[in-house]
Amino acid sequence: MKIYQSLNEFKPSKKTIVTLGTFDGVHLGHTAILDKICNIAKQENLESVLLTFFPHPRFVVNNDEEIKLLNTMSEKAILLEQKGIQNFIIHPFDKLFSELSPREFVEKVLVNQLNIQKIIIGYDHKFGKNRAADFNDLIAFGKEFGFEVEEISAKQVDEVAVSSTKIRNSLLEGNISLANAYLGYSYMLSGIVVKGNQLGRTIGFPTANIEVSENYKLIPKNGVYIVTAIVNNQTIFGMMNIGIKPTLGDNVPSIEVHLLNFSEDIYGQKIQVNVIERLRDEQKFESFEALKSQLEIDKTNTLDYFKKGKS
């Protein structure tokens, strides 16, 4: 899959089949849509294109800074490549772009820049300045400019929306098993390993502090989780704490991963953590010894989990 940071970078070698949207989570609800695009691309000798925008249009148009997303763009790229999409375009969304009229959007973007043959889009999709145009307008533009428009059914669109809502709610409630069931994969967190207070190593549990720089990324409920981490192309078993480490008196939110049977220096590296199962709530212990005893129990439970082959 090729990744482009702007529409201007994309130079299609042939006609394209396009879909637009956030595709947040790239979850099971999206699979049928993405499969259809990839299959048509093969059958009709087209290039498949998924066009998304960053920042999320709601950040720009509605100044909505509260929105939390399931994927960073780099995570989404990994998932879309697995689905078989050939071209992933992440176009900067700003006030100027939001001012494009529906006709300008169709002619400048879909026709001139994407060389479109077919577009697959949701029945409820709105586009152009003030989201003024709808699916029927797109069909009319298609007839005028010579491209086909295919509808994603209301049922499929609703399934995507329901799944996305359930995934977000499950993560915020700490129900990682349910979230993963809807995703079709283990929820991932990606970030740079940074130095923390290094108190974990004094009780035999050194941790990698993960700094997730994308503030729009949804972080699951505070607690202790079973995880795997992708480090230097290796999959390492581990356990993760999300929270404020009340026993240590930090009160600063952090994401810390203890990697089992691993001692390499990975400061400054970007790693991917796959969140598999929730062990317990974060809690405050009366002493470091009590914390250490609980961490030993967590470690045993984590190892037991992997021994049973549940990963």
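Only a predicted model underlies this, so the values are computations on that prediction, with no experimental measurement involved.

Chemist: Describe helix H1 (residues 28-43), listing the residues and the values that go with them.
Modeler: Taking 1.5 Å per residue, 16 residues should reach 22 Å; H1 reaches 23 Å between its end C-alpha atoms and fits that length. The set of residues buried in H1 consists of Gly29, His30, Thr31, Ile33, Leu34, Ile37, Cys38, Ile40 and Ala41. Phi for asparagine 45, located one or two positions after H1, is positive at around 55°.

Chemist: Please give an account of the packing of aromatic side chains that cites residues and values.
Modeler: According to the stated counting rule, one finds eleven aromatic pairs in the structure shown. Ring geometry for phenylalanine 105 and phenylalanine 127: centres 6.0 Å apart, planes at 45°, overall tilted. Placement of the pair is phenylalanine 105 in helix H5 (residues 102-113) and phenylalanine 127 in the loop between strand E5 (116-122) and helix H6 (135-145), with a sequence separation of 22 residues. Overall, phenylalanine 105 belongs to the buried group, its relative accessible area being 6%. Among the aromatic side chains, those forming a connected cluster through ring pairs are Phe53, Phe93, Phe97, Phe105, Phe127, Phe141 and Phe145.

Chemist: How would you explain the nonpolar core if you had to name every residue and give the values?
Modeler: In this structure, Leu171, Tyr187, Ile210, Val231, Met240 and Leu259 are the most contacted members of the largest nonpolar core, which totals 56 residues. Looking at this core, the element that brings in the most residues is H1, giving six residues. Leave out the neighbours within four places in its chain, and leucine 171 touches Leu70, Ile176, Ala179, Tyr187, Leu218, Pro220 and Lys221. In terms of nonpolar packing, the next biggest core, distinct from the first, is built from 27 residues, Val106, Ile116, Phe127 and Phe147 among them.

Chemist: Kindly report on the side chain of asparagine 209, identifying the contributing residues and their values.
Modeler: By secondary structure assignment, the location of asparagine 209 is in strand E8 (residues 208-211). Since its relative accessible area comes to 11%, asparagine 209 is described here as buried. Looking at asparagine 209, its side chain comes within polar contact range of the side chain of glutamate 256, at 3.3 Å. Discounting chain neighbours no more than four positions away, the residues touching asparagine 209 are Ile192, Val193, Val194, Gly196, Ile255 and Glu256.

The rules we used
Residues numbered from 1 in each chain as written. Predicted model: local features only at pLDDT ≥ 70, side-chain atom pairs only at ≥ 80, totals over all residues. Heavy atoms only, no water. Helix = DSSP H or I, 4+ residues; strand = E, 2+ residues; numbered from the N terminus. Expected span 1.5 Å × (residues − 1). Buried < 20%, exposed > 50% of the residue type's maximum accessible area, 1.4 Å probe, protein only. Phe/Tyr/Trp six-rings, centres within 6.5 Å; stacked < 30°, edge-to-face > 60°. Core = buried A, V, L, I, M, F, W, Y, C linked by side-chain atoms within 4.5 Å. Contact = heavy atoms within 4.5 Å. Polar contact = N/O pair within 3.5 Å; in protein donor to acceptor, adjacent residues only side chain to side chain.

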